[in-house]
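Structural characterization, general
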Amino acid sequence: MSHVFSSARALLDAQGLDLGHTDWLPISQQRIDLFAEATGDHQWIHVDPERAASGPFGACIAHGYLTQSLANLFLPQLMTLENMAMGVNYGSDRVRFPAAVRVGSRVRGHGLILRVEALGEAVQAVVRVSVEIEGESRPGCVIDTISRYTFNPLFE
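Rules used in this analysis
- Residues numbered from 1 in each chain as written.
- Predicted model: local features only at pLDDT ≥ 70, side-chain atom pairs only at ≥ 80, totals over all residues.
- Heavy atoms only, no water.
- Helix = DSSP H or I, 4+ residues; strand = E, 2+ residues; numbered from the N terminus.
- Buried < 20%, exposed > 50% of the residue type's maximum accessible area, 1.4 Å probe, protein only.
- Contact = heavy atoms within 4.5 Å.
- Patch = residues over 30% accessible without salt bridge, like charges linked within 9 Å, V, L, I, M, F, W, Y side chains within 5 Å.
- Areas by Shrake-Rupley, 256 points an atom, 1.4 Å probe, with all protein chains shown as cover.
- Salt bridge = Lys/Arg side-chain N within 4 Å of Asp/Glu carboxyl O.
- Expected span 1.5 Å × (residues − 1).
- Bend = angle between axes of the 7 residues up to and from the residue.
- UniProt positions renumbered as here; feature names shortened; annotations may be inferred.
- Phe/Tyr/Trp six-rings, centres within 6.5 Å; stacked < 30°, edge-to-face > 60°.
- Lys NZ or Arg CZ within 6 Å of the ring centre and 35° of its normal.
- Core = buried A, V, L, I, M, F, W, Y, C linked by side-chain atoms within 4.5 Å.
- Pairing = 2+ DSSP bridges.

Quick look at the environment of Arg-96
Counting through the fold element by element, Arg-96 comes out in strand β5 (residues 84-96). For Arg-96, a relative accessible area of 24% gives the class partly exposed. A C-alpha to C-alpha distance of 15 Å links Arg-96 and Ser-137, two positions 41 residues apart in sequence. Among all residues touching Arg-96, those that are not within four sequence positions of it are Arg-128, Gly-140, Cys-141 and Val-142.

Listed below in structure tokens is the structure:
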């Protein structure tokens, strides 16, 4: 279930809010191969199932940056911004890859609004997105995303 924010005040008041979880997403070899094509990273641990089967992870694994990029897929599932004039990705504070994401596994996003502050007419939100791996105790990625949002004035 996505949390809906329609104003700067609503987002400012949400600091500390646990956004919950997204649905599970399967990680297929096709998704990994497409990411390899897009980035030029064709390391065998990602794209050679036969060799990867006897490697350190026992199977192909998703690129760390592929796992990180899923934050962009999961954020809109965790929080919906209505009445927004513009939103931009400003960056990220910390990114960690505690566990490998093996092909065939399922992942989901978990969100937590760490900080929200007003910056002129914009609001900056730091949201921690954890890419959880089904059946694993450690996530595949934890990233503190930084986004800036400008809302249209509400006419009440």
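After that view of the structure, there is still more to cover.
As for a nonpolar patch on the surface
Together, Tyr-65, Val-95 and Phe-97 give the surface a local cluster of nonpolar side chains, amounting to about 310 Å² of exposed area. Note that Tyr-65 resides in helix α5 (residues 64-78).

Re the pattern of salt bridges
Applying the stated criterion to the full structure yields five salt bridges. Across the pair Arg-9 and Asp-13 runs a salt bridge, and its minimum N-O distance is 3.0 Å. The exposed category is assigned to Arg-9, whose relative accessible area is 52%. The shortest N-O distance in the salt bridge between Glu-132 and Arg-108 comes to 2.9 Å. You can see Glu-132 sitting in strand β7 (residues 122-133) and its partner Arg-108 sitting in strand β6 (residues 106-119), a full 24 residues away along the chain.

Quick notes on the environment of Leu-12
Note that Leu-12 resides in helix α1 (residues 8-12). As for Leu-12 and Phe-97, which are separated by 85 residues in sequence, their C-alpha atoms are 29 Å apart. Apart from the residues within four sequence positions on either side, Leu-12 is in contact with Val-116, Glu-117, Ala-118 and Val-123.

Section: α5
Look at α5: 21 Å from first C-alpha to last across 15 residues, which is about the 21 Å you get at 1.5 Å a residue. A maximum bend of about 30° is found in α5 at Asn-72, where proline Pro-76 lies one to four positions downstream. Residues of α5 that are buried: Leu-66, Thr-67, Gln-68, Leu-70, Ala-71, Phe-74, Leu-75 and Leu-78.

Re the UniProt feature "domain: MaoC-like" (unreviewed entry) in the protein chain
When the UniProt feature table is mapped to this numbering, "domain: MaoC-like" (unreviewed entry) covers residues 19-126. Summarising residues 19-126: 32% helix, 37% strand, and an end-to-end C-alpha distance of 13 Å.

A closer look at the packing of aromatic side chains
Enumeration according to the criterion identifies one aromatic pair in this entry. Taken together, a centroid distance of 6.4 Å and an interplanar angle of 90° make the contact between Tyr-65 and Phe-97 edge-to-face. On the criterion of sequence distance, the pair formed by Tyr-65 in helix α5 and Phe-97 in the loop between β5 and β6 is long-range, its members being 32 residues apart. Residue class for Tyr-65 comes out exposed when judged on its relative accessible area of 60%. Judged by its relative accessible area of 41%, Phe-97 falls in the partly exposed class. The ring of Tyr-90 carries the charged tip of Arg-148 above its face, separated from the ring centre by 3.7 Å.

Some thoughts on the nonpolar core
Ranked by internal contacts, the top residues of the largest apolar core, which has 32 residues, are Phe-5, Leu-11, Ile-27, Met-79, Val-107, Ile-113 and Val-127. At the level of secondary structure, the elements contributing two or more residues to this core comprise α2 (29-39), α5, β4 (79-81), β6, β7 and β8 (141-151). Ignoring any residue separated from it by four or fewer positions in sequence, one finds Ile-27 in contact with Ile-32, Ala-62, Leu-70, Val-101, Arg-102, Val-103, Gly-104, Ser-105 and Val-107.

So, the pairing of β8
Among the 11 residues of β8, 10 are classified as buried, and the element is accordingly described as predominantly covered. Here β5 runs beside β8; their pairing, made up of nine bridges, is antiparallel. Residue pairing across strands places Asn-89 opposite Ser-147, the latter belonging to β8. Sheet analysis places β7 next to β8, joined by 10 bridges and oriented antiparallel. When the sheet's bridge partners are listed, Val-131 is paired in β8 with Cys-141.

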